[in-house]
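# Residue-level structure breakdown
Residues per chain are reported as follows:
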Amino acid sequence: MTQVIAPAWTPMTDEERAQFDRDGFLVIRNVLNQDEIERARTAILNFREKAGVTGALHELSAVTACPELAFLLDHPVAFRYIWSLLGWNVHVYHSHIDVHPQIKEKTPDWWHWHQDGGRQNRELETDPRPRMSVKLAYWLSDVSETGRGNFTVLPGSHLTNWLPGPPSRGVPWPQPEGALQITANPGDLVVFDRRIWHARSDNYSSITRVGAFFGYTYRWLAGRDNVADLPNQPMWAGLNDVQRQLLGGVGDGDGDHLWGHYPETTPLYGELKQRGLLDASIPALIP
Ligand SMILES: O=C(O)CCC(=O)C(=O)O
């Protein structure tokens, strides 16, 4: 577990990189301040209320659902893990907001364990499969004790293509040996390699679990989020250029731009270049 208060636009440290490579995830404490926690949490809870949802919410396309969350896309403390690991030619391909109130009665068994990326886990043929994407999980409620719907991982499992499990998801099956429920306070962040075997756990506590998840990958990989209409929305004018890039709004739809052929007009490249952060020892940071 890592404790970090870092200024904007600093790369992740060598120690963090080594830990991430070894464990497949990092826990970063106190990433959001109180005001940021409240803003994000209120936006999500308001969305849920307006949608008429009283139970659990798992809504894809976080910023489309809640434009107020755009500041999380490139939050200065969190975002450095993304460009440090994936470089400048990135976008958010998959995001979601989650609200999980207390479960009062035991729910039927369900095997939640998975790696992210869907068909990537069938169609990529190497062992281990490539990383491809990294996800940020912002905690907006107190999951500082286990049993509160904590995000659960199998540390170090990101280099393992297959996790033994039940014949189908509804069949009762013991949790994998070594599974770790991550404990976190509001404002803490989990950064994870999409390949790490992970699962949501059930929340039997009286504290409603609230979180926001943002998955980043290379711009040459198609997005899953529904963001096509965002440039027509009033919120678009309030975004910075990096946020627009992350939401797929840079370039003219020309595949070459997504391919990375135009670093000079790719906002994140510009921000990193201007600050001397294009560390040539990281291939994804080289133009
Ligand atoms: O909600 C959780 O704790 C798990 C989230 C998850 O499975 C994912 O982001 O892929």
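Residues numbered from 1 in each chain as written. Predicted model: local features only at pLDDT ≥ 70, side-chain atom pairs only at ≥ 80, totals over all residues. Heavy atoms only, no water.

## A short note on the nonpolar core
Put simply, the test is: Only buried residues count toward a nonpolar core, which is a set of Ala, Val, Leu, Ile, Met, Phe, Trp, Tyr and Cys residues joined through side-chain atoms within 4.5 Å. Only protein chains enter the area calculation, which uses a 1.4 Å probe; residues under 20% of their type maximum are buried, those over 50% are exposed, and those in between are partly exposed. Comment: elements are numbered from the N terminus, with helices defined as DSSP H or I runs of at least four residues and strands as E runs of at least two. Residue contacts follow a heavy-atom distance rule, with two residues in contact if any of their heavy atoms lie within 4.5 Å.
Residues Leu-69, Ile-97 and Phe-214 are the most contacted members of the largest nonpolar core, which totals 58 residues. When residues of this core are assigned to their parent elements, the largest contribution, eight residues, is made by helix H4 (residues 76-86). For Phe-214, the contacting residues outside a window of four places in its chain are Ala-62, Val-63, Leu-69, Leu-72, Leu-73, Val-92, His-94, Ser-95, Val-134, Lys-135, Leu-136 and Tyr-138. Formed by 13 residues, the second largest nonpolar core is a distinct cluster that contains Val-27, Val-143, Phe-151 and Phe-192.

## Some remarks on the sheet that holds strand E6 (residues 180-181)
What counts, and what does not: Here the rule is simple: two strands pair whenever DSSP picks up at least two bridges between them.
Sheet architecture is open: three strands sit in the order E6-E5-E8, paired in antiparallel fashion. At either margin of the open sheet sits one strand with a lone partner, and together these are E6 and strand E8 (198-200). In this structure, strand E5 (residues 151-153) lies alongside E6, joined through two bridges in antiparallel fashion. Within E6, the residue paired with Val-153 across the bridge is Leu-180.

## Here we look at the site of the ligand
Our working definition: A single heavy atom is enough: if one lies within 4 Å of a molecule or strand, its residue is considered near that molecule or strand. Between N or O atoms, a polar contact is any pair within 3.5 Å; within protein, one atom must be a potential hydrogen donor and the other a potential acceptor, and residues adjacent in sequence are included only when both atoms are from side chains. In these tables, accessible area is a Shrake-Rupley quantity obtained with a 1.4 Å probe, and a residue counts as shielded only by the protein chains included in the view.
Near the ligand the following residues occur: His-96, His-114, Asp-116, Lys-135, Phe-151, Phe-192, His-198, Arg-200, Arg-209 and Phe-213. Between the ligand and the protein, one listed contact pairs an oxygen atom with a side-chain N or O atom of His-114 at 3.1 Å. Take His-198: an N or O atom from its side chain is 2.9 Å from an oxygen atom of the ligand. Its free accessible area being 290 Å², the ligand has 92% of it covered by the protein chains. Elements with a minimum of two residues in the shell around the ligand: E8 and strand E9 (209-218).

## Observations concerning the sheet that holds E9
Definition in use: To define axes, lines are fitted to C-alpha atoms, for helices over the stretch in contact only, and angles between the resulting N-to-C directions are given on a 0 to 180 degree scale.
Strand order across the open sheet formed by six strands is E1-E7-E4-E9-E3-E2, with antiparallel pairing between neighbours. Of all strands in the sheet, those bounded by a partner on one side alone are strand E1 (25-28) and strand E2 (57-60). When strand polarity is set aside, the average angle formed by the axes of neighbouring strands in this sheet is 15°. Inspection of the sheet shows strand E3 (residues 90-100) paired to E9 by 10 bridges, in the antiparallel sense. Looking across to E9, one finds that His-96 is bridged to Phe-213.

## What about H4?
Within H4, 10 of the 11 residues are buried, which leaves it mostly tucked inside the rest of the structure. Here H4 has its buried residues at Val-77, Ala-78, Phe-79, Arg-80, Tyr-81, Ile-82, Trp-83, Ser-84, Leu-85 and Leu-86. Looking at the residues trailing H4, positive phi occurs at Gly-87, about 90°.

## Digging into the environment of Arg-131
Relative to the helices and strands, Arg-131 resides in the loop between helix H5 (120-123) and strand E4 (133-139). A C-alpha to C-alpha distance of 9.0 Å links Arg-131 and Leu-159, two positions 28 residues apart in sequence. Apart from the residues within four sequence positions on either side, Arg-131 is in contact with Phe-20, Asp-21, Leu-85, Leu-86, Asp-193, Arg-194 and Arg-195. At a separation of 3.0 Å, a polar atom in the side chain of Arg-131 contacts the main-chain carbonyl oxygen of Leu-85.

## Details of the pattern of salt bridges
Our working definition: What makes a salt bridge here is a side-chain nitrogen of Lys or Arg within 4 Å of a carboxyl oxygen of Asp or Glu, nothing more.
Inspection of the entire model under this criterion finds 12 salt bridges. With its nearest N and O atoms 3.0 Å apart, the salt bridge here joins Arg-148 to Asp-142. Note that Asp-241 is salt-bridged to Arg-244, the shortest N-O span being 3.6 Å. On the criterion of helical spacing, the pair formed by Asp-241 and Arg-244 is a turn pair, its members being three residues apart in helix H6 (residues 241-246). On the basis of relative accessible area, Asp-241 is assigned to the partly exposed category, the value being 46%. One network of salt bridges, in which partners are shared, links Asp-142, Glu-145 and Arg-148.

## Notes on the side chain of Ser-205
Structurally, the position occupied by Ser-205 is in the loop between E8 and E9. Judged by its relative accessible area of 14%, Ser-205 falls in the buried class. Polar side-chain contacts of Ser-205 include one of 2.7 Å to the side chain of Asn-203. Leave out the neighbours within four places in its chain, and Ser-205 touches Gln-102, Gly-147 and Arg-148.

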